[in-house]
Amino acid sequence: SDGTVWAWGQGGNGQLGNGTTANNFTPVQVTGLSGVTAIAGGGYHSLALKSDGTVRAWGQGGNGRLGNGDTVSSSTPVQVTGLSGVIAIAGGSGHSLALKSDGAVWTWGGNDHGQLGNGTYVNSSTPVQVSNLTGAAAIAGGGYHSLALKSDGTVRAWGGNDHGQLGNGTYVNSSTPIQVSNLTGAAAIAGGASHSLALMGASLLPTPAPTPTPTPTPSPSPTPSPSPTALPSPGPSPTPLPSPGPSPTPLPAPTPTPGPGPSPTPTPRYSPGDINKDGLVNAADLALVGASLNKRNGDPGFNASADLNGDGLVDVYDLVILGLNWRDGAP
């Protein structure tokens with residue numbers, strides 16, 4: 001809860017971040033790091049997302065994977081250059097990724113397989129924007145490839161493809177994002193060394209409560225109006241039935257109960273994450289949360305609608321609640 005980071009295991013490249021290159025079989029605290037909201041591990045480097053939307057990296061610096069404009073390793077965190085407004089991070093074998101609140105993806109580090117996605121095969125020690133990719137909602141790093149989940153539930157992949165890990169029916173590498181074939185409705189993604197995964201048919205959004213479901217109350221069958229022929233009396237005579245009152249006036253026809261005509265327009269059901277109330281949780285809502293990320297109630301720019309769990313702070317937990325692609329009427 002204090003936003004510090006702890007690490008353990010192999011430390012030979014400084015990836016434990018405690019100022020040494022020694023291995024540790026018990027957790028050690030990463031030096032000079034607090035206010036962290038998300039973490040990610042790479043091959044021999046580590047990443048942390050701070051509450052102010054900036055990113056720190058440490059460990060092996062080869063190919064520029066620390067993103068600080070250098071290729072020198074660091075056993076303590078260094079700030080990734082020129083990167084702000086970040087809401088998610090991911091690490092590959094020798095490269096790193098960041099998702100910004102506007103749905104754009106930025107990458108840095110090794111690029112020999114095109115895993116940076118900027119149309120080249122040149123390493124970069126500072127972040128470069130992935131080409132032709134907007135509306136991203138989640139990212140993942142593989143060995144030498146990268147993945148992005150778009151807000152429409154489709155998946156993009158780029159980089160190494162020697163085992164078909166890009167999922168487009170070929171074994172050809174790609175230095176720009178390509179769409180994974182025959183895949184829609186994805187809710188989460190993950191990358192392995194040479195393979196990729198997608199979670200289908202589920203949502204990051206909590207199941208909406210059933211109470212607001214606008215199901216109209218069924219109307220009883222309409223009572224038919226009396227036919228022009230007078231109701232027969234209990235006796236054999238066809239004389240109309242007398243009214244119960246003193247007047248001989250025939251009984252008035254009861255007002256028919258309306259039949260099941262056009263259903264009333266249901267009151268829209270909004271997800272907790274549908275901040276702009278357009279019936280769809282998408283990148284627009286993600287941007288609203290991102291704009292208030294790490295702001296507390298009372299801070300300038302705090303958006304109470306983005307504080308989805310109502311704890312007075314817009315943070316990564318609100319991003320988890322946000323989810324994506326929930327439409328009015330969808331489960």
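Remember, predicted model here, so these are calculated numbers, not experimental data.

What am I meant to see in the overall build of the chain here?
Across its full length, the chain holds two helices and 16 strands. Expressed as a percentage of its 331 residues, the buried residues of the chain come to 42%. Across the chain, the fraction of contacts at a sequence separation of at least 24, relative to all contacts at a separation of at least 6, is 47%. Of the roughly 16400 Å² of accessible surface on the chain, a fraction of 57% belongs to carbon and sulfur atoms.

How should the pairing of strand 8 (residues 95–100) be read in this particular structure?
Consecutive residues of a regular strand have side chains that alternate between opposite faces of the sheet. Of all six residues that make up strand 8, six are buried, and the element is covered over most of its length. Residue alternation in strand 8 divides its side chains into two sets, His95, Leu97 and Leu99 and Ser96, Ala98 and Lys100, and both sets are buried. Where strand 7 (residues 86–91) folds back onto strand 8 in an antiparallel hairpin, the turn is made up of three residues. Taken together, the five bridges between strand 8 and strand 9 (residues 105–109) define a ladder with antiparallel strand orientation. When the sheet's bridge partners are listed, Leu99 is paired in strand 9 with Val105.

What am I meant to see in the sheet that holds strand 6 (residues 74–79) here?
For sheets, the rule is that strands pair by backbone hydrogen bonds, running either parallel or antiparallel. The strand order 3-4-5-6 describes an open sheet built from four strands, whose pairing is antiparallel. For this open sheet the edge positions go to strand 3 (36–41) and strand 6, each flanked by a neighbour on one side alone. With direction set aside, neighbouring strand axes in the sheet form an average angle of 20°. Across three bridges, strand 5 (residues 55–59) lies against strand 6 in antiparallel orientation.

Hey, could you run me through the pairing of strand 13 (residues 155–159) in this one?
For strand 13, the buried fraction is high: five of the five residues fall into the buried class. Burial along strand 13 is two-sided: Val155, Ala157 and Gly159 facing one way and Arg156 and Trp158 facing the other are all buried. Across five bridges, the pairing between strand 12 (residues 145–150) and strand 13 is antiparallel. Bridged to Leu147 within strand 13 is Ala157. Connecting strand 12 to the next strand, strand 13, in antiparallel fashion are four residues, including Gly153 with a positive phi near 85°. Two strands pair when backbone bridges link them, and strand 13 and strand 14 (residues 174–179) are joined in this way by three bridges, in the antiparallel orientation. Among the inter-strand pairings, Arg156 is bridged to a residue of strand 14, identified as Gln179.

How should the sheet that holds strand 14 be read in this particular structure?
With antiparallel pairing, the four strands of this open sheet are ordered in space as 11-12-13-14. In this open sheet, the two edge strands, each paired with only one partner strand, are strand 11 (136–141) and strand 14. Across this sheet, the average inter-strand angle for adjacent strands is 20°, counted without regard to direction.

What's the story with the environment of Gln10 in this structure? I'm lost.
With respect to the helices, strands and loops of the structure, Gln10 is situated in the loop between strand 1 (6–9) and strand 2 (24–29). In this structure Gln10 comes out as partly exposed when scored by relative accessible area, which is 46%. Among residues more than four places away in sequence, those in contact with Gln10 are Gln15, Leu16, Asn23 and Tyr44.

Honestly, unusual backbone geometry in this entry has me stumped. Any pointers?
Trans is the prevailing form of peptide bonds, just as negative phi is the prevailing case for residues other than glycine. The phi dihedral of Asn63 is positive, around 65°, even though this residue is not glycine. When you line up the elements, Asn63 lands in the loop between strand 5 and strand 6. For Asn63, a relative accessible area of 36% puts it in the partly exposed group. Backbone geometry places Asn132, a non-glycine residue, at a positive phi of 55°.

Procedures and definitions
- Residues numbered from 1 in each chain as written.
- Predicted model: local features only at pLDDT ≥ 70, side-chain atom pairs only at ≥ 80, totals over all residues.
- Heavy atoms only, no water.
- Helix = DSSP H or I, 4+ residues; strand = E, 2+ residues; numbered from the N terminus.
- Buried < 20%, exposed > 50% of the residue type's maximum accessible area, 1.4 Å probe, protein only.
- Contact = heavy atoms within 4.5 Å.
- Areas by Shrake-Rupley, 256 points an atom, 1.4 Å probe, with all protein chains shown as cover.
- Pairing = 2+ DSSP bridges.
- Axes fitted to C-alpha atoms, helices over the stretch in contact; angles between N-to-C directions.

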